Amino acid sequence: MKTYLIPALGALCIGAIGYAIWPEPSEPPEAAAPQRGAAMVTVTPPDRLSAQAELGKRGFDAVCAACHGENAAGKMGFGPPLVHEIYEPSHHGDMAFLVAAQQGVRAHHWTFGNMPPQPGVTQGEMKTIIAYIRELQRANGIN
């Protein structure tokens with residue numbers, strides 16, 4: 001038994017010394033965290049927009065981009081990206097966008113809070129905004 005005790009104590013001492021001098025793992029840099037207001041997804045705009053979507057882009061930029069970001073890429077801390085598979089036409093049809101703008105919508109996919117209604121946007125303007133969003137989605141593989 002004594003023949004095993006000395007090597008075991010030696011291994012224990014070496015392990016304790018190794019643990020004491022081994023460097024602590026470093027924390028990831030703070031800059032790696034997404035910044036408030038940063039785009040949430042990368043959106044590649046189409047080379048060309050239809051006339052209706054061009055009008056929609058103007059409306060989107062004036063009313064929606066403050067929360068949903070440039071090119072509907074979302075905005076950390078403000079609003080979700082609309083160029084996202086969650087908003088594909090089979091899950092959120094055009095009418096869902098229209099109702100959200102008219103009546104607001106309760107938060108259900110994201111943690112940004114409820115979306116307030118946008119009373120200054122007409123149905124006609126919303127149709128052009130929806131056309132813009134759908135063209136962005138198609139250009140980014142969301143059909």
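Residues numbered from 1 in each chain as written. Predicted model: local features only at pLDDT ≥ 70, side-chain atom pairs only at ≥ 80, totals over all residues. Heavy atoms only, no water.

Here we look at the packing of aromatic side chains
The line we're drawing: Pairing of aromatic rings covers Phe, Tyr and Trp, the last counted by its six-membered ring, and requires centre-to-centre distances within 6.5 Å; plane angles under 30 degrees mean stacked, over 60 mean edge-to-face, and any other angle means tilted. Secondary structure counts use DSSP, requiring at least four H or I residues in a row for a helix and at least two E residues in a row for a strand, with both numbered from the N terminus. Per-residue accessibility, obtained with a 1.4 Å probe over protein chains only, is compared with the maximum for each type, and a residue is labelled buried under 20%, exposed over 50%, and partly exposed between these values. Charge-over-ring placement is defined geometrically: NZ (Lys) or CZ (Arg) within 6 Å of the ring centre, and within 35 degrees of the ring normal.
Under the definition given, this model contains three aromatic pairs. For the pair Tyr-87 and Phe-97, a centre-to-centre distance of 6.1 Å together with 40° between the ring planes defines the contact as tilted. On the criterion of sequence distance, the pair formed by Tyr-87 in the loop between helix H2 (51-68) and helix H3 (94-103) and Phe-97 in helix H3 is long-range, its members being ten residues apart. A single burial state applies to Tyr-87 and to Phe-97, both of which are buried. Just above the ring of Phe-78 sits the side chain of Arg-36; from NZ or CZ to the centre is 4.6 Å. Across the ring face of Phe-78, the terminal group of Lys-75 is positioned such that the distance to the ring centre comes to 5.1 Å.

A closer look at the pattern of salt bridges
Any two side chains of opposite charge can pair if their charged atoms end up close together. Spelled out, the test is: When a carboxyl oxygen of Asp or Glu lies within 4 Å of a side-chain nitrogen of Lys or Arg, that pair is called a salt bridge.
Evaluated as defined, the whole model comprises two salt bridges. For Asp-61, the salt bridge is made with Lys-57, and the minimal N-O distance between the two is 2.8 Å. With Asp-61 and Lys-57 both in helix H2 and four residues apart, the pair spans about one turn of that helix. Residues Asp-94 and Arg-134 are paired through a salt bridge, measuring 2.8 Å at the closest nitrogen-oxygen approach. Of this pair, Asp-94 sits in helix H3 while Arg-134 sits in helix H4 (residues 123-139); the two residues are 40 residues apart in sequence, bridging distant segments of the chain. Judged by relative accessible area, Asp-94 falls into the partly exposed class, the value being 42%.

What about the packing of H2 against H4?
Spelled out, the test is: Axis definition: a line fitted to C-alpha atoms, limited for helices to the stretch in contact. Angles are taken between N-to-C directions and run from 0 to 180 degrees. Our angle categories are set so that under 35 degrees counts as roughly parallel, over 145 as roughly antiparallel, 65 to 115 as roughly perpendicular, and the remainder as oblique. Two residues form a contact once any of their heavy atoms are found within 4.5 Å. Three categories are distinguished: nonpolar for Ala, Val, Leu, Ile, Met, Phe, Trp, Tyr, Cys and Pro, charged for Asp, Glu, Lys and Arg, and polar for the others, with Gly belonging to the last.
One way to put it is that H2 packs onto H4 with a least axis distance of 7 Å and a crossing angle of 100°. Classified by the interaxial angle, the pair formed by H2 and H4 is roughly perpendicular. On H4, the residues touching Gln-52, Ala-53, Leu-55, Gly-56, Lys-57, Gly-59, Phe-60 and Cys-64 of H2 are Lys-127, Thr-128, Ile-129, Ala-131, Tyr-132, Ile-133 and Glu-135. Across the contact of H2 with H4, the residue classes tally to eight nonpolar, four polar and three charged.

Observations concerning the side chain of His-68
Spelled out, the test is: Counted as a polar contact is a pair of N or O atoms within 3.5 Å, where, for protein atoms, one must be capable of donating a hydrogen and the other of accepting one, and residues adjacent in sequence contribute only when both atoms are in side chains.
As for its position among the elements, His-68 is in helix H2. Among the polar contacts listed, one links the side chain of His-68 to the backbone oxygen of Pro-80, at a separation of 2.8 Å. Once you skip the residues sitting within four places of it in the chain, His-68 turns out to touch Phe-60, Ala-73, Gly-74, Lys-75, Gly-79, Pro-80, Leu-82 and Met-115.

Looking at the environment of Ile-130
Relative to the elements of secondary structure, Ile-130 occurs in helix H4. For Ile-130, a relative accessible area of 6% gives the class buried. Residues Ile-130 and Phe-60, 70 residues apart in the sequence, show an inter-C-alpha distance of 8.9 Å. When neighbours within four sequence positions are excluded, Ile-130 is seen to be in contact with Asp-94, Phe-97 and Leu-98.

Section: the layout of surface pockets
Quick note on the threshold: Think of a 1 Å grid over just the protein atoms. A cavity is a set of points where a 1.4 Å probe fits yet cannot get out, a pocket is an open set with protein on both sides within 12 Å along at least five of seven lines, and lining residues have an atom within 4 Å of a point. Grid points are joined across faces, edges and corners, and a volume is the space filled by probe spheres set on the points.
Here the largest pocket defines a volume of roughly 600 Å³. Residue assignment for the lining of the largest pocket shows that the elements contributing at least two residues are H2, H3 and H4. Looking at the lining of the largest pocket, its residues break down into 23 nonpolar, nine polar and one charged.

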